[in-house]
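A look at the structure
Given next are the chains, with one letter for each unit.
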Amino acid sequence: MKQYSESLYPTWGQQFAVDEVLFEHQTDHQHLVIFKNQQWGTVMALDGVIQTTEKDEFVYHEMMTHVPILAHGSVQKVLIIGGGDGGILREVLRHKTVERVVQVEIDQAVIDMCVQYLPGHSDGAFTDPRAEVIIKDGVEFVADCEEQFDVIISDSTDPIGPGEVLFTSAFYQGVKRCLKPGGVFVAQNGVSFMQLDEVTTTYQRLSPEFDQVAFYAAAVPTYVGGVMTFAWATDNPDLTKMNRQTITQRYQASGLQCRYYQPELHIGAFALPRYIVQAIEDLN
Ligand code: SAM
């Protein structure tokens, strides 16, 4: 039985029994592999790092979309950076208020192979008339985009390889210029117990651009090492002061039926472990 070993950490990592390799290729930007595993279903990895699995993708995709969208309350336009598997696009398009989604993904091969081998992730989202997919580096797109968005979601790989630029001040400055007043930016920000420097670095780079920088957390089983954090940045701090009743009313009105997200969890996700709060306090 072939094994797939994640190589994110040099001295520790998770391993998958590979029942079948569905696709493996060095694209123009990264090494892409998609394989089947009895426990997790179909799994996709980029440059040796697990990106998504059939079994637990709902956790990440629900928390990365419904928290900012329901906190905002009247989202019409969304920008997705990365997200080639289509899970974020699928969840964003579940919101009836959303009129337009622009997705900027650097690697067409990720989209094509995930549509073919992980069809449940996008579930037809790439053909939704509200969606526009642009193949481009996200940092270049936000540098000269003339359009503005209510919510911007950076669903990137880790800050290695093509994803590295999506954790820079230049990218965050671009995000700021593409965000409508009162809008909110969220980003994949690593597993804090293993990548605490990603929290502090993101906090330091986002703080000069936004009035409020925060993080919220979720436990994604195949992002090993504990909870993962999502970076949150906005000039509208009221968005995190939403009470449970407001979020619940919005969730019910949306008609969403989620498997991980729920209003109480939305509120609670911003209550971070003490070691993360301490690391941020130590910066000030
Ligand atoms: N959920 C995953 C995680 O948390 O690691 C990320 C999933 S998604 C597959 C990551 C996407 O970011 C990939 O499709 C990759 O091609 C894309 N990406 C990486 N660097 C990029 C860049 N500079 N601009 C746009 N997309 C990028």
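Please refer to the structure higher up on the page.
Note that this is a predicted model, so its numbers are computed, not measured.

**With respect to the pattern of salt bridges**
Pairing between side chains of opposite charge can happen when their charged atoms approach one another. This model, assessed by the stated rule, comprises 14 salt bridges. One salt bridge in this structure joins glutamate 91 and arginine 94, with 2.7 Å as the shortest N-O distance. By relative accessible area, which is 3% here, glutamate 91 ends up buried. One salt bridge connects lysine 180 with aspartate 150, and the closest N-O pair in it is separated by 3.3 Å. Taken together, the positions of lysine 180 in strand β11 (residues 179-191) and aspartate 150 in strand β10 (residues 149-155) put the pair 30 residues apart, joining distant regions of the chain. Each of Glu57, Arg90, Glu91 and Arg94 takes part in salt bridges that share partners, so that together they form one network.

**Observations regarding empty space enclosed by the protein**
In total, this model carries 3 cavities of 30 Å³ or more according to the counting rule given. Considered as a void within the structure, the largest cavity measures approximately 440 Å³ in volume. If you trace the largest cavity, you find 40 residues lining it, with Gln51, Asp155, Ser156, Thr157 and Asp158 closest to the centre. Of all elements in the fold, only β5 (41-46), β6 (49-53), α1 (57-72), β7 (77-82), β8 (100-105) and β11 reach the threshold of two or more residues within the lining of the largest cavity. The element best represented in the lining of the largest cavity is β6, accounting for 4 residues. Of the residues that constitute the lining of the largest cavity, the class distribution is 18 nonpolar, 16 polar and 6 charged.

**What to know about helix α7 (residues 196-206)**
Every buried residue belonging to α7 is among Glu198, Val199, Thr200, Thr202, Tyr203 and Leu206, and all of these are buried. For α7, the elements touching its buried residues are α6 (169-178), β11, β12 (212-218), β13 (228-234) and α10 (274-281).

**Concerning the pairing of β6**
Of all 5 residues in β6, 5 are buried; the element is thus mostly enclosed. Note: β5 against β6, 4 bridges, orientation antiparallel. Within β6, the position partnered with valine 43 by the bridge is threonine 53. Counting the residues in the hairpin turn of β5 and β6 gives 2 residues, including aspartate 47, whose phi is positive at 50 degrees.

**Observations regarding helix α8 (residues 244-254)**
Taken residue by residue, α8 has Ile247, Thr248, Tyr251 and Ser254 as its buried positions. Down the axis of α8, the sector holding all buried residues measures 125 degrees, keeping them to one side. Counted as exposed and oriented over 90 degrees from the buried face of α8: Gln245, Gln252 and Ala253. Buried residues belonging to α8 abut α1 and α9 (263-268). Capping the start of α8 is the job of one residue whose side-chain oxygen sits 3.1 Å from the backbone nitrogen of glutamine 245: asparagine 243. Two residues or fewer after α8 comes glycine 255, characterised by a positive phi angle close to 75 degrees.

Calculation notes
- Residues numbered from 1 in each chain as written.
- Predicted model: local features only at pLDDT ≥ 70, side-chain atom pairs only at ≥ 80, totals over all residues.
- Heavy atoms only, no water.
- Salt bridge = Lys/Arg side-chain N within 4 Å of Asp/Glu carboxyl O.
- Buried < 20%, exposed > 50% of the residue type's maximum accessible area, 1.4 Å probe, protein only.
- Helix = DSSP H or I, 4+ residues; strand = E, 2+ residues; numbered from the N terminus.
- 1 Å grid on protein atoms, 1.4 Å probe; cavity = no way out; pocket = protein on both sides within 12 Å on 5 of 7 lines; lining within 4 Å.
- Points joined across faces, edges and corners; volume = space filled by probe spheres on them.
- Nonpolar A, V, L, I, M, F, W, Y, C, P; charged D, E, K, R; others polar.
- Contact = heavy atoms within 4.5 Å.
- Pairing = 2+ DSSP bridges.
- Arc of directions from axis to C-beta.
- Polar contact = N/O pair within 3.5 Å; in protein donor to acceptor, adjacent residues only side chain to side chain.

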